[in-house]
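# Residue-level structure breakdown
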Amino acid sequence: MSSLPSSASTGKESGLRVPSNGKTIYHRPINRTKTSELSQASFAFLFSEMVAYAQKRVKGIQELEHKLNVQGHSIGIKLLDLLLYREPARTQLRPQNIVALLHFIKQNVWLHLFGRQADRLEKSTDAEKPDEYMIIDNEPLVNQYISVPREMSQLNCAAFVAGVVEGVCDGADFPARVTAHTVGEGEMWPGKTVFLVKFRSEVVEREAFLAKS
Amino acid sequence: MSYYFAIVGTQDNPLFEYEFGTSKQGGDGQSRFTEQVRHLNQFILHSSLDIAEEVQWSHGQIGRGLTGGGSRNGRYLKCIDKFFNNYISCFVTGGNVKFLLLHQPTTPTSTASSRSSTAIGANPTSPATEEAIKMFFMEVYDNWVKAIMNPFYKANMEVRSPIFRARVAAAGRKYL
Amino acid sequence: MKVASKGHSLFRIDNTRRVWFSNSQDKIDILETNSKAETRFMVSPSWPDTLNLTLVSPDSRTVFSLIIINKAGGLIYNKTFHEGGLNKISTNDYLVLAGTFHGVHAITARLNPVKPVAPPPTPGTNEPPNRPEPSSGLEVLETENFRMQCFNTLTGTKFLLFTETTQTNVDVTIKRIYDLYADYVMKNPFYSLEMPIRCDIFDRKLLSYIREINNR
């Protein structure tokens, strides 16, 4: 462990500006208040600009999805700790296997971000792919107002949400690759999206090892 | 009683360190580490990371009392390692960042031995000490979550906020 | 069989082809009509021996089509909801219509006298100074067969809705379309301002909303 430059403790000028009443974010409670709901319209405009911003800096659809994924990733990492913190004290526990983690994502993460749970959780039926799981959302909130042009039909802007999921997985030490795929289901759910979670092989290995012990 | 507290990131990189002494039983809150031991502390703490990683994935063999079920593990791993007179307690956050606290009880030959036998820390594995350290960790965790929610904070970045430091110091004074 | 009143009167024809009078309990069977639901008839004054109902307008509340014009006068959206309500014209003619209407609207807005301004707020208060109401310009255009209503947004985008002359609540319909536009066009990252609107979800939501009105 390399030593940190211990200048912070010697009272170097930090250049930090503190509100005049001295109340920083550290002085406020972190638990949810009743007025914590956000306007969906303002989120829609923000997200729209995020997609447009990413689009200006990429060449292809894959690159665009990757950009959105990266934007969501850091949110996922931070959200993991926040949501675990907000769990009732008795259940403030770290998810320790894949199913517990995915349930945490389906319930807590979705509830926090979108006000409802994800619609379904599935394990790949392909025996060759024990590392693949699917989180299914019939109507992703982020895509509610988005019509993807025909020439970009491969794109699903929920790649951003996939990034959040990936961030949660990575943060919890279950490194995974998460992608969003549109699987429209007729008139009923034209925007149905599957989030494919592909864990790294060492996660599956560890899972098997822990199950044995 | 002297404490050395460090936060270690997921790449085993140090993010924050703080050294303090007990404020209970008339302690002045100053650590009593010698200059030589001060460097050793970092090694001791670092060497306990392997144990921490082992314990965090084991199904509550050590932290049995805290684990609710088999699928999720408690984050407070209690005292996980001992090196001579140095005890190390660990707490793992959801994001796999480890809070490590090295506590070194004052040697029993000190003049206040009769009084410190009941004091927190005199017996590093007693339930009272475990509880006090847990409270300390929980308070740090509260502030840690606030620190990492900072939009300018990226995972595994050193935490430099002087307010965070002050809050950790306050938690140390309050519980240890 | 009696008719309660002569001249203009309101009738309702139910699906058993029976006429109900709006101001009495009387009812009569009718022989010939080409209407669907609710309609207005003129009763021949020479009656009571024979009932002669003349259809004043074909019933119905049909929304024929929608045009959206951007603030530069370009046509950015054009959708027909009801075949046969209006004659078909070429896309080019639609573009001309949009441009022409835009110009006419601008001129009529200049004709419109500006309403007197409320007195300026007393100095010292923080209220912003009053501004005159913008003049509205052309709002409704009516022919024998259709009615065109224009809704001009604050940013200068115009929604033109072609409906039947008897259509009611066009204001509400047009506001709702504006809502849909604000949601599904303006919040879509792939839409560039002032360009033709090609948004699947907007089309879908608009069609289902208009279908709901046309089938009522």
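Here's what I pulled together on the structure shown here. What you see is a predicted model, and the numbers here were worked out from it, not measured in a lab.

## Topic: the nonpolar core
Among the nonpolar cores identified, the biggest contains 72 residues, and C157, V161, V165, V168, C169 and V197 of chain A together with L160 of chain C are the most heavily contacted of them. Element by element, the count of residues in this core is highest for helix α4 (residues 159–171) of chain A, at eight residues. Once you skip the residues sitting within four places of it in the chain, C169 of chain A turns out to touch L101, F174, P175, A176, V178 and V197 of chain A. In terms of nonpolar packing, the next biggest core, distinct from the first, is built from 40 residues, L45, C90, Y141 and A171 of chain B among them.

## Here we look at the pairing of strand β3 (residues 132–137) of chain A
Residues and elements named next belong to chain A. With burial as the criterion, only one face of β3 is covered, namely that bearing Y133, I135 and D137; the residues E132, M134 and I136 on the opposite face remain uncovered. Both strand β2 (residues 120–123) and β3 contribute to a ladder of four bridges, which runs antiparallel. Residue pairing in the sheet places L121 in a bridge with I135 of β3. Taken together, the six bridges between β3 and strand β5 (residues 193–199) define a ladder with antiparallel strand orientation. Directly across from M134, in β5, lies its bridge partner L196.

## Things to note about the sheet that holds strand β4 (residues 176–182) of chain A
All names here are of chain A. Taken in spatial order, the four strands of this open sheet run β2-β3-β5-β4, and their pairing is antiparallel. Each edge of the open sheet is held by one strand with a lone partner, namely β2 and β4. Adjacent strand axes in the sheet meet at a mean angle of 20° when their direction is disregarded. Helix α3 (residues 98–114) contacts β2, β3 and β5 of the sheet and is inclined by roughly 15° relative to β3. Against the sheet, α4 makes contact with β3, β4 and β5, and its axis sits at roughly 155° relative to β4, the strand it touches most.

## Here we look at helix α5 (residues 162–175) of chain B
Residue and element names in this part refer to chain B. In this model, α5 (14 residues) spans 20 Å end to end at C-alpha, consistent with the 20 Å of a helix rising 1.5 Å per residue. Listed as buried for α5 are F164, R167, V168, A171, G172 and Y175. Down the axis of α5, the smallest arc covering the buried residues is 145°, so these residues share one side. Facing away from the buried surface of α5 by more than 90 degrees, the exposed residues are A166 and A170. Against β1 (2–8), β2 (14–21) and α4 (127–148) lie the buried residues of α5.

## So, the interface of chain C and chain A
On the side of chain A, ten residues touch chain C, which itself brings eleven residues to the contact. Elements supplying a minimum of two residues to the side of chain C that touches chain A: α2 (170–184) and α3 (200–214) of chain C. Among the elements that line the side of chain C that touches chain A, the one with the most residues is α3 of chain C, at three residues.

## Here's the deal with the packing of α4 of chain B against α5 of chain B
Residues and elements named next belong to chain B. Orientation of α4 relative to α5, taken along the N-to-C sense of each, is 165°, at an axis distance of 9 Å. Taken together, the axes of α4 and α5 lie roughly antiparallel to each other. Remark: the crossing between α4 and α5 carries right-handed chirality. Contacts between α4 and α5 pair A132, M135, F136, E139, V140, N143 and A147 from the former with F164, R167, V168, A171, G172 and Y175 from the latter. Here the contact of α4 with α5 is built from residues that sort into nine nonpolar, two polar and two charged.

## Focus on the packing of helix α1 (residues 40–56) of chain A against helix α2 (residues 61–86) of chain A
Residues and elements named next belong to chain A. Look at α1 against α2: their axes get within 9 Å of each other, and the N-to-C directions meet at 130°. Classified by the angle between their axes, α1 and α2 sit oblique to one another. The two elements α1 and α2 meet at a crossing, and its hand is right-handed. Residues M50, V51, A54 and Q55 of α1 lie in contact with α2, whose contacting residues are L64, K67, L68 and Q71. When the residues that make up the contact of α1 with α2 are grouped by side-chain class, the tally is five nonpolar, two polar and one charged.

## Digging into the environment of N215 of chain C
All names here are of chain C. In this fold, N215 is placed in the segment after α3. With 8 C-beta atoms counted inside 10 Å, the residue N215 sits in the exposed group. Between the C-alpha atom of N215 and that of T62, which follows or precedes it by 153 residues, the distance is 8.3 Å.

## Examining the sheet that holds strand β5 (residues 86–92) of chain B
All names here are of chain B. Overall, antiparallel pairing links the five strands, which are arranged β2-β1-β6-β5-β4 in an open sheet. A single partner strand is all that each edge strand has here, and the edge strands are β2 and β4 (76–83). Across the sheet, the mean angle separating the axes of adjacent strands is 20° when strand polarity is ignored. The sheet contact formed by β1 and strand β6 (residues 98–104) spans seven bridges and is antiparallel. Paired with F5 across the bridge in β6 is L101. Sitting on the sheet, helix α1 (residues 35–47) touches β1, β4, β5 and β6, and the angle it makes with β6 is about 130°. The sheet strands contacting helix α2 (residues 49–57) are β1, β4, β5 and β6, and the helix crosses β4 at an angle near 145°.

Reading the values: rules and limits
- Residues numbered from 1 in each chain as written.
- Chains lettered and ligands numbered in written order.
- Predicted model: local features only at pLDDT ≥ 70, side-chain atom pairs only at ≥ 80, totals over all residues.
- Core = buried A, V, L, I, M, F, W, Y, C linked by C-beta atoms within 7 Å.
- Buried ≥ 20, exposed ≤ 12 C-beta atoms within 10 Å, placed from the backbone.
- Helix = DSSP H or I, 4+ residues; strand = E, 2+ residues; numbered from the N terminus.
- Contact = placed C-beta atoms within 7 Å.
- Pairing = 2+ DSSP bridges.
- Axes fitted to C-alpha atoms, helices over the stretch in contact; angles between N-to-C directions.
- Expected span 1.5 Å × (residues − 1).
- Arc of directions from axis to C-beta.
- Parallel < 35°, antiparallel > 145°, perpendicular 65-115°, else oblique.
- Left-handed = near helix turned anticlockwise from the far one by under 90°.
- Nonpolar A, V, L, I, M, F, W, Y, C, P; charged D, E, K, R; others polar.

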